[in-house]
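In case you want the letters, here they are:
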Amino acid sequence: AKGHYWQSHLDGSLVVTAPAFDITVPSLFLPLLCGKQVRFLGADVLEDLSAYLRDAQGNWLLRMTPLHASGVLSLLPSKESQAVLKGRHVFVLGGERLPVSLARELSKRFADSTLWNHYGPTETVVGCACYRLADLPADAAEVPLGYAMANTRLYVLDGAGRAVPFGVPGELWIAGAGVAKGYVHAPAQTAERFQALPAYGEAKAYRTGDKVRLGADGALHFMGRMDE
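Residues numbered from 1 in each chain as written. Predicted model: local features only at pLDDT ≥ 70, side-chain atom pairs only at ≥ 80, totals over all residues. Heavy atoms only, no water.

With that settled, consider the state of the cysteines. One pass over the structure, following the stated rule, counts zero disulfides. No disulfide involves Cys 128; its sulfur sits 8.9 Å from that of Cys 130, the nearest cysteine. Relative accessible area serves as the criterion here: at 1%, Cys 128 is assigned to the buried category. (Disulfide = S-S within 2.5 Å. Buried < 20%, exposed > 50% of the residue type's maximum accessible area, 1.4 Å probe, protein only.)

Taken together, Val 25, Phe 29 and Leu 33 make up a surface patch of nonpolar side chains, about 330 Å² in accessible area. Residue position: Val 25 is located in helix α1 (residues 24–33). For Val 25, a relative accessible area of 35% corresponds to the partly exposed category. (Patch = residues over 30% accessible without salt bridge, like charges linked within 9 Å, V, L, I, M, F, W, Y side chains within 5 Å. Areas by Shrake-Rupley, 256 points an atom, 1.4 Å probe, with all protein chains shown as cover. Salt bridge = Lys/Arg side-chain N within 4 Å of Asp/Glu carboxyl O. Helix = DSSP H or I, 4+ residues; strand = E, 2+ residues; numbered from the N terminus.)

Here we take up the side chain of Thr 190. Residue position: Thr 190 is located in helix α5 (residues 187–193). Contact partners of Thr 190, with chain neighbours within four places excluded, come to Lys 181, Gly 182 and Tyr 183. (Contact = heavy atoms within 4.5 Å.)

For the structure on display, the rule yields six aromatic pairs. Arranged with centres 6.0 Å apart and planes meeting at 75°, the rings of Tyr 52 and Trp 60 form a pair that is edge-to-face. Exposure remark for Trp 60: the relative accessible area of 2% places this residue in the buried category. Between Tyr 131 and Tyr 147 the ring centres are 6.3 Å apart and the planes differ by 20°, which places this aromatic pair in the stacked class. Taken together, the positions of Tyr 131 in strand β6 (residues 129–132) and Tyr 147 in strand β7 (residues 147–148) put the pair 16 residues apart, joining distant regions of the chain. With respect to class, Tyr 131 is no different from Tyr 147; both count as buried. Grouped by ring-pair contacts, the aromatic residues Tyr 183, Phe 194 and Tyr 206 constitute a single cluster. (Phe/Tyr/Trp six-rings, centres within 6.5 Å; stacked < 30°, edge-to-face > 60°.)

With that out of the way, let us pick up the side chain of Glu 171. By the secondary structure assignment, Glu 171 is in strand β9 (residues 170–176). Taking relative accessible area as the criterion, Glu 171 reaches 7% and is therefore assigned buried. A distance of 2.9 Å separates a polar atom in the side chain of Glu 171 from a polar atom in the side chain of Arg 207. Within the structure, the side chain of Glu 171 is placed 3.0 Å from the backbone nitrogen of Gly 209, a separation counted as a polar contact. When residues no more than four places from it in sequence are discounted, the contact partners of Glu 171 are Tyr 155, Val 156, Leu 157, Arg 193, Arg 207, Thr 208, Gly 209, Asp 210 and Met 226. (Polar contact = N/O pair within 3.5 Å; in protein donor to acceptor, adjacent residues only side chain to side chain.)

Counting across every chain of the model gives nine salt bridges. Of the charged contacts, one joins Arg 225 and Asp 210 as a salt bridge, the two residues approaching to 2.8 Å between their closest N and O atoms. Pair noted here: Arg 225 is in strand β12 (residues 220–225) and Asp 210 is in strand β11 (residues 202–214), with a separation of 15 residues, a long-range link. Exposure remark for Asp 210: the relative accessible area of 9% places this residue in the buried category. Here Asp 227 and Arg 225 are joined by a salt bridge, their closest N and O atoms 3.3 Å apart. One network of salt bridges, in which partners are shared, links Glu 171, Arg 193 and Arg 207.

This paragraph deals with the sheet that holds strand β2 (residues 37–40). Pairing is mixed in the open sheet, where seven strands are placed in the order β2-β1-β3-β4-β5-β6-β7. Two strands lie at the open edges of the sheet, namely β2 and β7, each paired on one side alone. Sheet analysis places strand β1 (residues 12–15) next to β2, joined by four bridges and oriented parallel. What sits directly across from Gly 12, in β2, is Gln 37. The strands touched by helix α2 (residues 45–55) are β1, β2, β3 (60–64) and β4 (90–93); relative to β3, the strand with the most contacts, the crossing angle is about 145°. (Pairing = 2+ DSSP bridges. Axes fitted to C-alpha atoms, helices over the stretch in contact; angles between N-to-C directions.)

Let's shift gears to α1. Along α1, the residues that are buried comprise Thr 24, Pro 26, Ser 27 and Pro 31. Viewed end-on, α1 has its buried residues packed into an arc of 165°, placing them on one side of the element. α1 presents Leu 32 and Leu 33 as exposed residues on the side facing more than 90 degrees away from its buried surface. In this fold, the buried residues of α1 make contact with β1, β2 and β3. Of the residues trailing α1, Gly 35 is marked for its positive phi of about 75°. (Arc of directions from axis to C-beta.)

Here is the structure:
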């Protein structure tokens with residue numbers, strides 16, 4: 001599937017983000033469920049991470065924000081030897097918009113690694129869409145959010161709950177195994193955001209409030225918030 005980013009050659013993950021941050025969850029459980037290791041970095045996270053990448057010891061799952069990735073690049077010498085960056089890592093970037101310039105720089109500096117843009121609200125257990133940066137067209141003006149991950153269904157709907165055509169902005173609704181039960185002790189907020197989509201056979205879906213569009217290739221593109 002287009003949205004699978006775990007690879008069997010990985011030794012485990014390097015945890016870059018705080019345990020309370022939702023994108024940390026896959027960094028913990030994905031490796032452990034596959035019998036691999038999890039390493040927590042020290043207080044100087046970016047320095048520790050850049051040292052791991054320079055030493056090229058092991059192949060790691062690296063889930064981080066684009067800001068983290070930009071910080072790592074700033075700590076790598078501008079003329080690193082090819083051997084230094086030879087690790088076959090998997091970078092999964094999410095939590096904020098990924099600039100095209102940063103995506104291209106990461107792809108250039110970590111040519112042997114696999115890089116993904118990743119999207120998903122906490123209410124859908126962190127992730128619901130991925131996009132492999134190797135598929136980014138040369139003339140791309142933005143990095144897509146990508147395609148639905150396994151056990152996830154994405155709907156782009158208008159205000160009346162109807163699917164919009166390709167290229168037309170709409171609100172993203174998410175259904176599937178990862179949708180949360182709702183908000184604790186907040187029935188009104190739960191009723192507003194978690195609703196059925198009977199026209200699509202969904203007993204419950206999460207209404208994200210994110211404005212998106214589908215590209216001609218079916219990839220999801222972020223356009224902002226419906227409520228600003």
